[in-house]
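What follows is each chain in one-letter form.
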Amino acid sequence: MADESYMEQIFMNLYRITDELQSRGRKYSYLIVREEGNLLLICRRALVSNHFEKIDQLGGVETQFVYHSHDAPGTHIDEVHSRFGSKLYYHQAEREEIREKTQCPGVEFGDEGLQLGSDFHALFFPGHTPGHTIFRWQSGGKHYWFTSHVVGRNGAKWDVGFNPAKAAPRLTPQFQNLAELPIDYAFPTQSKCGQEEFHRFSEYTRKTFAKTLREKFTPITPSKKK
């Protein structure tokens, strides 16, 4: 039995491409439909080309993003560019590996992240790789975060893969500010069978998530020798 892929609308102007990988759970890519141009948040080896006709009907792809260089292997990024002419956006720290893996023209941003219009932000979130990025989109009064595989629930607690050592010496105050940003939904790039496909925040999980972020983002001061 071959791996399967399907595309569905999960919220207004938000579509999810799910790749069912046998015995390995699911991988997710997301298409955000916007008047200013549609955005494709693409994960590793996504079967996006299976859905080009439907994506065409929704207005194509203006811009494609990867969370980190590990999402670049395979032909999917070049196929999207060939079909829609969309450039690939990524953090400059991922340049070397990404340029080895795709011929798609690229646009780089730095630690300050990137803002497209008033509704979409790419946020530097080092941990898995030095230039790892997550995304934040605002629509209809709701705030949608696309968190790659570095944010997840572990029972009643949050696992957050933020590693300051990956950013050193480039740590900036912007990390502290992330914990204060509003959030209503978190969308991962993968889930194992039985895990939630995305998280809808309650007042409680919003508070515990912010607390976890603040703890992760607090710089560690070396203890003084006695």
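All values derive from a computational prediction rather than experimental measurement.

Scoring rules and cut-offs
- Residues numbered from 1 in each chain as written.
- Predicted model: local features only at pLDDT ≥ 70, side-chain atom pairs only at ≥ 80, totals over all residues.
- Heavy atoms only, no water.
- Helix = DSSP H or I, 4+ residues; strand = E, 2+ residues; numbered from the N terminus.
- Buried < 20%, exposed > 50% of the residue type's maximum accessible area, 1.4 Å probe, protein only.
- Contact = heavy atoms within 4.5 Å.
- Areas by Shrake-Rupley, 256 points an atom, 1.4 Å probe, with all protein chains shown as cover.
- Core = buried A, V, L, I, M, F, W, Y, C linked by side-chain atoms within 4.5 Å.
- Pairing = 2+ DSSP bridges.

*Asks:* Describe the overall build of the protein, with residues and values.
*Replies:* Counting secondary structure elements, the protein contains six helices and 16 strands. For the protein, the residues scored as buried account for 49% of the 226 residues in total. Summarising the internal contacts of the protein: among those between residues at least 6 apart in sequence, 56% fall at separations of at least 24. Just so you have it, the protein exposes about 11600 Å², and 48% of that area is on carbon and sulfur atoms.

*Asks:* Would you mind going over the nonpolar core in detail, with residue names and values included?
*Replies:* Note on soluble globular proteins: their nonpolar side chains tend to be buried together. Counting residues in each nonpolar core, the largest one holds 22 residues, and the members touching the most others are Leu 31, Ile 42, Val 48, Ile 55 and Val 80. Where this core is concerned, the elements lending two or more residues are strand 2 (14-21), strand 4 (39-42), helix 1 (52-57), helix 2 (76-84) and strand 6 (87-91). In contact with Ile 42, other than residues within four places in its own chain, are Ser 29, Val 48, Gln 64, Phe 65, Val 66, Tyr 67, Asp 71, His 76, Ile 77 and Val 80. One finds Leu 116, Ala 122, Tyr 144 and Phe 146 within the second-largest nonpolar core, a separate group that totals 20 residues.

*Asks:* Can you break down the pairing of strand 13 (residues 157-160) residue by residue, with the values?
*Replies:* Burial along strand 13 is one-sided: Trp 158 and Val 160 are buried, and none of Lys 157 and Asp 159, which face the opposite way, are. Both strand 12 (residues 151-154) and strand 13 contribute to a ladder of four bridges, which runs antiparallel. Its bridge partner being in strand 13, Val 151 is matched across the sheet by Val 160. If you look at the hairpin formed by strand 12 and strand 13, you'll find two residues sitting between the two strands, and Gly 155 has a positive phi there, around 65°.

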